[in-house]
Each structure stands twice: as C-alpha cells, then as structure tokens.
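What follows is each chain in one-letter form.
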Number of protein chains: 2
Amino acid sequence: MNDTFLQACRGERTAHTPVWFMRQAGRYLPQYQKVRNKISFLELCKTPELAAEVTRQPIDIFGFDAAILFSDILIPMEAMNLDLDFHEGKGPIFAHPVRSHKAVDELVVPVPEESVPFVLETIRLLRSTLQIPLIGFAGAPFTLATYLIEGGSSKVFLHTKKMMFQEPKLYHNLLAKITACTSAYLQAQARAGAQALQLFDSWVGILAPCDYEEFALPYVRSIISDLRAVTDVPIIYFANNGATLTRLTTTVGADVLGFDWRLPIGDAVARAGNHAVQGNLDPLALFLPKEKLEARIKSMLTDSRDARGYIFNLGHGILPETPPDQVKIAVEAVHRFSGKS
Amino acid sequence: MNDTFLQACRGERTAHTPVWFMRQAGRYLPQYQKVRNKISFLELCKTPELAAEVTRQPIDIFGFDAAILFSDILIPMEAMNLDLDFHEGKGPIFAHPVRSHKAVDELVVPVPEESVPFVLETIRLLRSTLQIPLIGFAGAPFTLATYLIEGGSSKVFLHTKKMMFQEPKLYHNLLAKITACTSAYLQAQARAGAQALQLFDSWVGILAPCDYEEFALPYVRSIISDLRAVTDVPIIYFANNGATLTRLTTTVGADVLGFDWRLPIGDAVARAGNHAVQGNLDPLALFLPKEKLEARIKSMLTDSRDARGYIFNLGHGILPETPPDQVKIAVEAVHRFSGKS
C-alpha cells in the first residue's frame, strides 16, 4: 500500500513526493476514449464498473500516487431536481437556470444514498482494488451556484453577481441549499470509503476578496466543519485563480490547500502556513520539451521543500490535447527527483 | 482645463480624484448604440468624426476626467497584413492564425501614418475640442500575440503556449515584430497629440510569473523604453489578473500601474511603490444598489489614500448590460467623496 499521498496531506514526512493530476482520468488517454466512445459522459459517470475502470486507467499507466473518483461536480446538482445536459464543445447546460425564489424553493436536498448511489458504488468498487488512496470530491458551493444561476459556463458571471448584489437573500437561500446538498454528498463519500475529499472552487477567482468573504467563504467553512464532526479524512480546498484570496482561504479549515500555477509554489508554501500544499504546474507546461519540463519540476520540488506536506499536481485540469508520453515524463520526474527508488 | 488625470499620473496632488472607466465609450450607452447601428464596429473605428463623437459621449454625459480614444487593440494588427473580422457574439477573428515562420515573415511592420491615419486623425480631432486629457492606447505584445496565434479569443491559449514552449524562436520572432509595430504605433499617437498612453495586457494573467518574465515582460519594457526616448507623456500599464506578477510589472518602466479588482486597492498601492495606481472596482459592482455602491467607492478612496497618485477606474471594461444611471452614481460618488466642489 502506497500511502505517501495521505501522509503528505497530514503533513508527515514521505519517502517520495506523491503526485496526481487533476482530470488524470480523461480525454487525453486513448484508453479513456475507447470507453467513452461507447457511452455518453453522464452515463459513464453513472455506471460504477466503467467509472471505476477509467478512474484506474491513469494509475495503471503512469503510477500516480492517488486516484480520484471519476465523476463531475454537477452530478449532485442534477439530483437536486435539475435538468443537466452536456453538449460537446459547449460544456454543461442547465435548461432552467435558477434565478427566482420559486426555482430555489423547488430544489430538493437529496439523500445521496438514494439520489446518487452509483457514485458511492464506484467508490466501494475502487476501494476493493486500489493499492493507493482514493480521493472523493465535490464542487464548492459558489462554483456550483454559478452553473445553476448562469445555466452553464460563463465568462463574466453577470447573472451570478447580479443576484449576489441585487438579491442577496435569494442568493444566500440558494447557497444554503447547495451547501446542505454538498455537505451530505461528501459525508456519504467518506462513509463509502473515500480516503480524502477535495472541494473544487473553480470559479472563485472572479471574486474580489471582500465578495469572496461574504458570498463564498462561509459555505466552504460550513461544509468542512460538518465533515470534521463525522470523519477524519483529509480535506483539500482548491481555490482556482485564488492568489489574492489566500488570507481568507487559509481560514476555511482545510488540511491541504491547492494552488493554480499563477502563484509560484514557493510563495504558495509561504502563504499556506500550517497547511499542506498541492499544485501547481501549468497544465500547458506538459508541452515543454523533456529537458525543460524536468527542470521545471525539479525547481518546484526545491521551492516546495519547506512545505508542511507537499503533493505535486497540476495547477488546473490536464488538457485533452496533452500527449500521454509527456505525462509519463512528468510523473517519473517527480518520483525520481524526490528520491523514489 | 481639468488636468487632474495627468497630475495623478505624475504622482502630483490633485484637487479631487480623477476617474475614467475602461470601455467608457461603448455598448452600454444608448447614444453609442445609435451611432453603431448605422455602421460596423471596424468602420466606426476607422471613421474619425464618428470615433471622436463616441469618444466624447461619456465625457459629456458623466463628466469623466479623461477620455480614451475609441478604437480596438487589434486595429494595428490588421495593418500588419492580416484579415481581421469582428463577429457579433464571437469577438475578433483572424482568418489565418499566425503559427509558422512563413506567416511571421509575411507580417509587415507598417508606418502608422500610412496604415492607420484614421487613428491619428481621430486623436487630432479630439484634441481640438476636449477640455480633459486624451489617452491613447495599444495592446501589449503578449496579449496581441495570443489573438494572432489562436486566431481569436481563447480560454486556455493552447496554441500560444505550445509555440512559447515548443518553438520559442518562432514565438520570439513574432513578438519582436508585434513589438516594433506597437512601438511605432504608440509613438505616432503621442506625436498626434495623445497625452497619456495605456498598454493593455489583457491576457497576461494566464502566465506563470516565470513565463511572464521570459515571454511577455521584455517586450513591454522595450516599448516603454523606446517611448521614453521620444516623449514624456505618462505611460499606464494594465496587467489584467496580474496579482502574482507585481514583482515584475513594477519593473516595466511605466508611470502608472492598472489593477483588476482581484487585488484589494490597498494592497495594490502597497505593491506599486513609486508608481501611481489606477483601478479597480469590479465592473459588476456597478450593479450594486446605490448605497452599497457608494460605500464601496468610499472605502476604495480611503484605502488608496497613500498612493503616489490615484486614478479611479474599473478593474476591467464596463459591461454592455450596465445601466448608465449606475455609471452616473459611481462617477459622482468618486468626485463627491474626494472633495470635488
């Protein structure tokens, strides 16, 4: 059993630096494409045997030190009574954006065992075979809310910020429901066997710190505090593009803080204080020639040496266009330079 | 003559805090729409009388303390021998992305007086009538390069970073040509009468600091250094989403640094050192109710009091959906709270 990932999460010394990549199970892998060609993305998420298979693929191929459940942050949102669809090239679409008190009232806070049993079954299947830790995850409430309010992806998040600024009561009612759903969802994942839990706050980087503090932070804190009461699995909080939020993100109660590539890893370590640190190679840096890619990884390992636990990762999800050979080079470099025999 | 804007640029005390908004001449104004309905965006940029008219509109309506030339950062790129088109909703499109040595070789470095005389004529027209300073502008080379390489707007900038990482010589050849063009373009604007010049680095926030230092910074520095040799107009550098780049952006040689809303204005002032500071209200904060909008502006004025020159602005361009009445509230609040009689 390779437990380096969990040791690093807890701030313990590790024999080598553990590494996993966000979206490591995904479109850049021909093996994934082969499964995905036969089934839609949502169906794949909902079929435990196949979801477990694609979760395992990058572990078997590259030797990552942690696996992350193959799923999507919007799966539990669909279960709140929303029509979710994924359009090729357009991303997720909610046919009925949530922008009124009526729409918020109609959202249900589902029981995960009833609404998303396939997620929990995937976790159980994986735990019975994996030799490395399994990470469960959810979207953080603000990020989830943007999808519900905008009806999908967005650039400027007009509807979300309009609701925050003009109808704060409606906004907070919505966030409270999303938070209740997410809290129950992550607790169920821990019960099913997830050994660490990551909260993805992918869009929080569009908020001024004062707005983050009022409209996003309290809900993250609440989920983590609820989790602490029932489980001791490490909790990772990834605030994407959150360099100006670190004075606040260090207060959410997470064990590990994830960083995107905009903040040099040495600065991230300095700001993270007592937290373990995860990140933060630019996913596009995987396109560097071997020698330069290895040099960049080497200096990240040097610059992160004072971290209270360090987990090597990308600063964002791996891109579909990434050559798998480059992923191999990166994972091997992290292991070799950090002393894995 | 109201020179508060130029005084603030030079770090001098001002009778009140000057204010202008990025994209203050634009689609949110019915008066602009009326002009724009009769003519395409590119034609409007190329018709001096109309470009001057829409430049003046927000000054007459709201009493901004500076005007900015109505144009687009891609205008001088088209003049390099590229097919540029603007599609409604899709933004700018270059039909032939620049991704090969041949494509770079075919770019010309035009003489602004011959290639974009309409821009210089617009500046002269405006100078003959405006009672406030006129800002000229250009895109910064990295930002311009992303449009040329991607063929338009982008999310992850795959082609740009691939070229940087895999064909650095090609990338640097391209950037050198864009820089020569931009340098000549800004010098011509100063000769025509622009009283300050802003470089927009809209996309530089996707770069890790080490990549910014290698692939973007040298070209900004070169343009500013060339300008210093021929003109003493203040130079503003706006690195959008650049909070992690401030250790580097403070070295480009600008007089004024512009900031987006992610960095609290007090932190921006602290990091800007000897520079004047411009920014940085979230454009979406213009949707706040009057009282809260005014309170936010008031605290920005307080938090920026130690700046060596402060210019109130948004942290990014104003959105087309913004109610003009809210712009009026904001401009009046900046003036009233900063002591304009």
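Whatever comes next refers back to the structure up there.
Remember, predicted model here, so these are calculated numbers, not experimental data.

J.: How should the overall build of chain A be read in this particular structure?
T.: Looking only at helices and strands, one finds 17 helices and 9 strands in chain A. Computed over the C-alpha atoms, the radius of gyration of chain A is 19 Å, within 12% of the 20 Å expected from 2.2 N^0.38 for a compact globule of 341 residues. Structurally, chain A occupies a C-alpha span of about 60 × 45 × 40 Å along its principal axes. For chain A, with 341 residues in total, the buried portion stands at 53%.

J.: Can you walk me through the environment of Pro58(B) in this structure?
T.: Residues and elements named next belong to chain B. In this structure, Pro58 sits in helix α4 (residues 48-62). Residues Pro58 and Arg271 lie 213 residues apart in sequence; the distance between their C-alpha atoms is 31 Å. Ignoring anything within four residues of it in the chain, the contact list for Pro58 reads Gln24, Ala25, Leu29 and Phe64.

J.: Whenever I open this one, the relation of the copies chain A and chain B confuses me. Can you help?
T.: Each copy of the sequence occupies a distinct position, and chain A is placed on chain B by a rotation of 180 degrees and an axial shift of 0.0 Å, giving an RMSD of 0.0 Å. Such a combination of turn and shift is consistent with a two-fold rotation axis. Residue Ala243(A), judged by its C-alpha, is the member of chain A lying nearest the rotation axis, at 3.6 Å. The fraction of interface residues of chain A whose copies in chain B are also interface residues reaches 100%, indicating that both copies meet through the same surface.

J.: Explain the sheet that holds strand β9 (residues 310-314) of chain A to me, please; I cannot follow it from the model alone.
T.: Two orientations exist for strands paired in a sheet by backbone hydrogen bonds: parallel and antiparallel. All names here are of chain A. On the basis of which strands lie adjacent, the open sheet formed by 7 strands has the order β1-β4-β5-β6-β7-β8-β9 and parallel pairing. The sheet is open, and its two edges are formed by β1 (67-68) and β9, each paired on a single side. In terms of strand pairing, strand β6 (residues 235-239) meets strand β7 (residues 256-258) through 3 bridges, oriented parallel. If you follow Phe238 over to β7, its bridge partner there is Gly258. Packing against the sheet, helix α11 (residues 168-192) makes contact with β4 (134-139) and β5 (196-201), and its axis sits at approximately 170 degrees to β4.

J.: I would appreciate a short explanation of unusual backbone geometry in the present structure.
T.: What you tend to see is this: most non-glycine residues have negative phi, and most peptide bonds are trans. Residue and element names in this part refer to chain A. With an omega dihedral of -10 degrees, the bond running from Gly279 to Asn280 counts as a cis peptide bond. Its place among the elements puts Asn280 in strand β8 (residues 276-281). Of note in the backbone geometry, Arg23 takes a positive phi value of approximately 60 degrees without being a glycine. Relative to the helices and strands, Arg23 is located in the loop between α1 (4-9) and α2 (30-36). We note that Asn241 has phi near 55 degrees; this positive angle belongs to a residue other than glycine. Mapped onto the elements of the fold, Asn241 is located in the loop between β6 and α14 (246-249). You can call Asn241 buried: it has 26 C-beta atoms within 10 Å.

Definitions and limits used
Residues numbered from 1 in each chain as written. Chains lettered and ligands numbered in written order. Predicted model: local features only at pLDDT ≥ 70, side-chain atom pairs only at ≥ 80, totals over all residues. Helix = DSSP H or I, 4+ residues; strand = E, 2+ residues; numbered from the N terminus. Rg over C-alpha atoms; globule rule 2.2 N^0.38 Å. Buried ≥ 20, exposed ≤ 12 C-beta atoms within 10 Å, placed from the backbone. Contact = placed C-beta atoms within 7 Å. Least-squares fit on C-alpha atoms with pLDDT ≥ 70 in both. Pairing = 2+ DSSP bridges. Axes fitted to C-alpha atoms, helices over the stretch in contact; angles between N-to-C directions.

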